[in-house]
Amino acid sequence: MRAIDVKTGMKIPWDVRYSLSLFILLSSILFVCNGQDYGTPGEDGGGAEPPPEMAHCNGIFMSYNFGSREREYPHVKNVTAQSWAFKSTAMIVNAGREELKGWQMFIGFRHKELIVSATGAAPMDGDYPLDASNGTTFVGSPNTDLKTSIETAGDFTQISANIEITGTLFGVSKAVTPIPKTIKLTNDGWECPAAKRKGGSMHVCCKRNPKFKNKTGLKTKFAPRRNGDLNIVYDVLQSFDSNYLAQVTIDNDNPLGRLDRWNLTFEWMRGEFINTMRGAYTHKKDPSECLYSKAGQYYKDLDFSQVMNCQRKPAISDLPPEKKEDNVTGKLPFCCKNGTLLPPIMDPSKSRSMFQLQVFKLPPDLNRTALYPPQHWKIDGVLNPQYKCGPPVRVDPSQFPDPSGLLAVTYAISSWQVVCNITKPKAQASRCCVSFSAFYNNSAVPCNTCACGCNDIDTDTCNANSNPLLLPPDALLVPFDNRTLKARAWAKQNHMPVPKKLPCPDNCGVSINWHVSTDYKNGWTARLTVFNWRDFAFEDWFVAIDMGKAGPGYENVYSFNGTRVPPSNRTVIFQGLPGMNYLVGQVNGTNPLRDPPVPGKQQSVISFTKKNIKGVNIPEGDGFPTKLFFNGEECALPKHFPKKSSGHRHGISVLMSFVFATMAAFALMMD
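Please read these numbers as outputs of a predicted model, since none were measured by experiment.

Section: the sheet that holds strand β35 (residues 571-576)
Overall, antiparallel pairing links the 5 strands, which are arranged β34-β35-β32-β38-β39 in an open sheet. Strands at the two margins of the open sheet, each flanked by one partner only, are β34 (560-565) and β39 (633-634). Relative to β35, β34 runs antiparallel, the two sharing 6 bridges. Each bridged residue has a counterpart across the sheet, and for T563 the counterpart in β35 is I573.

If you want it as structure tokens, here you go:
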């Protein structure tokens, strides 16, 4: 039997027609199959096709694919200084049989990357733009947990996360494809081999460590709570269709951490606004911001003059103590301390803050279970450590004592944890500084030039990069502006050169002098003096010193309270005695037209022993702290310490030490 071609009239054999039909049918099937998307679906159902290597992974599969880059302005000839805008994609898939809770994916960037944005995840190390030059860890947002393919029937939206990364990188020529050094899963109990690379892609399959033993304790439905220097918990206590009541608890868990007059900010992502608050307040209350927003369009009958705040990024502070018993804004545990969070080693009752806020929602979130915490949390104080906060992570609901007084507990509806950790201040970014002096050297080594920055001064009149001039010890008692004549005279007397352009000041509001007073066979002593150059006082102040190998030799402090910080006992924390816990601010001199301002001061002698400590050499640096903290802020240390020369004038040095101590004591008595 033959078919006839309509156009040519030629007869086509049946076997040929059958072959052609079969070919067309197979081509159609292949076309349909290629149109299928097996990648990670987004909201539109599309996504990247998973690599074939994932089929051989029985665990957590992760991949990184470099997309594209474009040269940024300014265009420079130096390859290492040229910046490039780049786009890349990372993917994590649960290809195993065990649910992964609170996934954490580390990407080992190594080209001075600055991450500008990432969808599908949030960085643990801070907010955007994020310096990821040493790598960064991403966590799920909003998908924090990865279920298994078995329990979801292979639903990629529940077993995987796709991260679209946009950022800037430096120092890579056009011929080189910039990919990270490594990618790995950082969750406890998982181990990852070295990632395999090919071109601009890399992948790895991580598996459970069979020798890892889970920590004993109750199993959690959500991610386990983590430890940090500062822990913030966002609890939803009541929920309604259009609004909910949340409670924010801030715990200071670092033995040297502290906040004074804390300011907290975050960002609402879904149009929420704060209607009322208890235990805290927002810095701005502008009804017009509400009326001309989506909130004003939806809540047409709401009196926005009574609404607390409609900003996308509200700034929140603690209430003063006099508001503690206020029926409307107070009467909440751990509130109303003027924003003071002390280390738990000083006073556990003052290491927690708490406030509540009523949050109104907008469509499409008008149901009781549509609960989303704010993102991009930041917290800071007046002169305190600088914290970097991670994203909010869903944890098991918090427990509270039953308000009826019965032996029962109540639970929050939903809870999220934000972990903040202290960061080391960058150069010229501290907020306090240290000067060194010793009985065996005539000169004091002052604070570093621009130790606390030089952004607010004219550097055309001073040198921001030169070392500070050595000073006579008594010059440390006066403000920097009054030291110039003393510095010049001291340099001339000791035959030291004076540059034409003098060094800039340290610009620190608080400075600490560490003076080595004595050094003998079995021990040594030092004197600590704290200067407050600001115009306000510090309540419950403290200073902590890390003395390195000489730290275990700490014996006693005579005008402060001293406490060793476990477990190493090399760090000692000092605080004022009862009645001396105020470090007063700077005041005018006796005659303001003639006398310089007088800083607030606190001073004490500290004794150390050399017993059972080998190799302690005080003049060679063991008598000076390796780290010093004021109210939790790590202070900038001098680059050098006073050295003992063979021809030093011992008698004059002792005399200068006596003069400095006498003048400081006299100034303290005059306060």
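Still more to cover.
Focus: the state of the cysteines
Under the counting rule described, the total for this entry stands at 10 disulfides. Covalent S-S linkage joins C433 and C447, the inter-sulfur distance amounting to 2.2 Å. Across the S-S bond linking C433 and C447, the dihedral sits near 80°, which makes this disulfide right-handed. Remark: C447 occurs in the loop between β28 (432-438) and α6 (484-493) and C433 occurs in strand β28; sequence separation between them is 14 residues. By the burial criterion, C433 is buried, and C447 matches it.

Here's the deal with the sheet that holds strand β19 (residues 280-282)
Reading across the sheet, the 4 strands line up as β19-β20-β17-β22 and stay open at both edges, with antiparallel pairing between neighbours. Pairing within the sheet leaves two strands with one partner each, and these edge strands are β19 and β22 (375-380). The sheet shows a mean angle of 25° between the axes of neighbouring strands, taken without regard to direction. Pairing between β19 and strand β20 (residues 315-318): 3 bridges, direction antiparallel. Residue pairing in the sheet places A280 in a bridge with D318 of β20.

Some points on the packing of aromatic side chains
Taken as a whole and assessed by the stated rule, the structure comprises 23 aromatic pairs. Ring geometry for Y298 against Y299: centres 4.9 Å apart, planes inclined by 85°, an arrangement best described as edge-to-face. With a centroid separation of 5.9 Å and an interplanar angle of 65°, the aromatic rings of Y554 and F574 are classed as edge-to-face. With Y554 in strand β33 (residues 554-557) and F574 in strand β35, this residue pair connects regions lying 20 residues apart in the sequence. Each member of the aromatic cluster is reached from another via a ring pair, and the members are Y234, F266, W268, W377 and W416. The cationic tip of R352 hangs over the ring face of F334; the distance from NZ or CZ to the ring centre is 5.3 Å. One cation-aromatic arrangement involves R394 over W416; the distance from NZ or CZ to the ring centre is 5.1 Å.

What counts, and where the lines are drawn
- Sequence order as written defines the numbering, with residues in each chain counted from 1.
- Restriction of local features to residues with pLDDT of at least 70 applies here, the model being predicted, together with a cutoff of 80 or more for giving and counting side-chain atom pairs; totals for whole chains, interfaces and linings are based on all residues.
- With hydrogens and water excluded, all non-hydrogen atoms of the structure serve as input to the side-chain values.
- Any two strands with at least two DSSP bridges between them are considered paired.
- Going along the chain from the N terminus, every DSSP run of H or I of four or more residues is numbered as a helix, and every run of E of two or more is numbered as a strand.
- Sulfur atoms of two cysteines make up a disulfide when they are within 2.5 Å.
- When accessible area is computed with a 1.4 Å probe and restricted to protein chains, residues below 20% of their type maximum are described as buried, those above 50% as exposed, and intermediate ones as partly exposed.
- Whenever a helix is involved, its axis is fitted only over the stretch in contact; in every case the axis is a line through C-alpha atoms, and angles between N-to-C directions fall within 0 to 180 degrees.
- Each aromatic pair joins two rings of Phe, Tyr and Trp (for Trp, the six-membered one) with centres within 6.5 Å, and gets the label stacked for planes under 30 degrees apart, edge-to-face for over 60, and tilted for any other angle.
- Our definition puts a charge over a ring when NZ of Lys or CZ of Arg is within 6 Å of the ring centre and also within 35 degrees of the ring normal.

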